[in-house]
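Coordinate inspection notes
Chain by chain, the residues run as shown.
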Amino acid sequence: MSGPSRHLESILAQAGVGQDPAWGSITTPVYQSVTFRSIGSEPRGEGYDYSRTLNPTRSALEDTLAKAEGGAGATAFGSGMAAILAVFHWGLNQGDHVVLTEDLYGGTFRILEDELRRFGVRFDLVPTSDLQAVSRAMRAETRMIFLETPANPLLQISDIQRLADLAHEHHARLVVDNTLMTFVRQRPFELGADLVVYSATKYLGGHNDVLAGAVISPDSATAERIAAIANTTGGVLGPWDAFLLLRGLKTLALRMQRQETNAHALAETLRSHPKVSRVYYPVFNETGWTIQQRQASGAGGMVSFVLKNEAWALDLRKRLRLIIPAVSLGGTESLITEPYSETHRELPEELRRKLGLLPGLLRLSAGIEDPQDLVEDLLQALEGLS
Ligand SMILES: *Cc1c(COP(=O)(O)O)cnc(C)c1O
């Protein structure tokens, strides 16, 4: 790990380069092998013996992720959910309490509600953009604050540094789900976070073709613990998917730039349109934007909005010709979804309503298409609504 420290863009552009000792291939080969020559407890080469434990293609990806995040180690999982479950395995015991961002990814809520509650884990969903509210929610048993910022779909901003301080005052840890910003825009370890987790399915992979997750650790003891959990529970990423992710990472910095430009153009278009009653976009949220500018280097590629007539939400999605009605986010294709009935339907109805995740709220993930084409598509679809 010696040599000059490179800029993030250079690390990403050469993700996985130089991993092939046999032929010196530029890309990391797909080591589609479950097992490796080994005798007794002495594996050959770099310690590879069985692919659940360690696989060279996955290792190349994990090395890149750790380096890019500024962590000591990373573990790649078969999905974001598998990565998040590993985070809970790492940080929670029976009787512990966790505080989470309230407009949380629905699947994260479901892990706690459906799978961990019966093992005695307790949790509260809290507006983490409000430090007082978080302070009030902390209990003697609170061992973790689990943060999404910006939270999706309302793109509320939480102050990572102050929440890290608050967590540490209570002998708890701060975990950041950095899926929406990525290490290109937001660097939680530099702000005091204890662990960073990703759905790599979104921006990191970036092509809507691979489901993956990752946990990045700040020190090697934590990294070893996370790797041990992955090896024990088995939700690791396969070699082909690791290859696809390495390939996706090479263009991450460029994609983020373009997706941000496109999201901004779409947000401005929506804000000035007579059929739109509200636009959620970090730049338009005054207090949130002050924090965002301090802790991140951009606004991200997401925009949410509410139409003046709730019934238009379905019609709008049918009228779009370029922007695709589909769940998920962060890929090269622009996608639009209704969180109430799609991405966030796992949240209890009452909670969705309380949070403002109402029918008719639409969430747009900007892709890398031409910004003018995207704006024109949105305008023609809005035009047709009546
Ligand atoms: C999609 C998503 C997840 C879940 O990841 P999968 O890869 O779909 O399992 C978790 N957190 C956030 C913020 C997400 O957007």
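Summary of the structure given here. This is a predicted model, so every value here is computed, not measured.

The next point concerns the sheet that holds strand E12 (residues 324-325). The sheet built from five strands is open, its strands ordered E10-E11-E14-E13-E12 with mixed pairing. Looking at which strands have only one partner, the edges of the open sheet turn out to be strand E10 (276-280) and E12. As judged from the three bridges shared by strand E13 (residues 335-337) and strand E14 (residues 361-365), these two strands associate in the antiparallel manner. Residue pairing in the sheet places Thr-337 in a bridge with Arg-363 of E14. Its contacts with the sheet place helix H12 (residues 312-319) against strand E11 (302-307), E12, E13 and E14, and it is angled at close to 125° to E11.

With that out of the way, let us pick up helix H2 (residues 56-69). The terminal C-alpha atoms of H2 lie 20 Å apart, and with 14 residues this matches the ideal 20 Å at 1.5 Å per residue to within 8%. Extensive coverage of H2 is indicated by the burial of 12 of its 14 residues. Regarding H2, the residues found buried are Pro-56, Thr-57, Arg-58, Ser-59, Ala-60, Leu-61, Glu-62, Thr-64, Leu-65, Ala-66, Ala-68 and Glu-69. Contact partners of the buried residues in H2: helix H1 (8-13), strand E3 (73-77), helix H7 (182-185), strand E8 (195-199), strand E9 (213-217) and helix H9 (239-249).

Turning our eyes to something else, we now look at the sheet that holds strand E5 (residues 122-126). Taken in spatial order, the seven strands make up an open sheet running E3-E9-E8-E7-E6-E4-E5, and their pairing is mixed. Every interior strand has two partners, whereas the edge strands, E3 and E5, have only one. Averaged over all pairs of adjacent strands, the angle between strand axes in this sheet comes to 20°, irrespective of strand direction. Against the sheet, helix H4 (residues 106-116) touches strand E4 (97-101), E5 and strand E6 (142-148), its axis set at about 150° to E5.

Mapped onto the elements of the fold, Ala-223 is located in helix H8 (residues 220-233). In this structure Ala-223 comes out as buried when scored by relative accessible area, which is 13%. Apart from the residues lying within four places of it in its own chain, the contact partners of Ala-223 are Gly-73, Thr-75 and Ser-217.

Taken as a whole and judged by the stated rule, the model has six aromatic pairs. Here Phe-36 and Tyr-48 contribute two aromatic rings whose centre-to-centre distance is 5.8 Å and whose plane-to-plane angle is 40°, an arrangement assigned as tilted. Of this pair, Phe-36 sits in the loop between H1 and strand E1 (38-39) while Tyr-48 sits in the loop between strand E2 (42-43) and H2, and the two are 12 residues apart along the sequence. Grouping residues by exposure puts Phe-36 and Tyr-48 together as buried. Each ring, one from Trp-240 and one from Phe-243, has its centre 6.3 Å from the other, and the planes form 80°; the classification is edge-to-face.

On to the pattern of salt bridges, then. Considering all chains together, one arrives at 15 salt bridges under this definition. For the salt bridge of Arg-185 with Glu-260, the shortest nitrogen-to-oxygen distance reads 2.9 Å. Pair noted here: Arg-185 is in helix H7 and Glu-260 is in helix H10 (residues 252-271), with a separation of 75 residues, a long-range link. Glu-260 carries the same exposure label as Arg-185, and that label is buried. Note that Arg-352 is salt-bridged to Glu-349, the shortest N-O span being 3.7 Å. On the criterion of helical spacing, the pair formed by Arg-352 and Glu-349 is a turn pair, its members being three residues apart in helix H13 (residues 349-355). Taking the relative accessible area as the measure of exposure, Arg-352 reaches 9% and is therefore buried. Salt bridges here are not isolated pairs; linked through shared partners, they connect Asp-124, Arg-139 and Glu-141.

Each value, and the rule that gives it
Residues numbered from 1 in each chain as written. Predicted model: local features only at pLDDT ≥ 70, side-chain atom pairs only at ≥ 80, totals over all residues. Heavy atoms only, no water. Pairing = 2+ DSSP bridges. Helix = DSSP H or I, 4+ residues; strand = E, 2+ residues; numbered from the N terminus. Contact = heavy atoms within 4.5 Å. Axes fitted to C-alpha atoms, helices over the stretch in contact; angles between N-to-C directions. Expected span 1.5 Å × (residues − 1). Buried < 20%, exposed > 50% of the residue type's maximum accessible area, 1.4 Å probe, protein only. Phe/Tyr/Trp six-rings, centres within 6.5 Å; stacked < 30°, edge-to-face > 60°. Salt bridge = Lys/Arg side-chain N within 4 Å of Asp/Glu carboxyl O.

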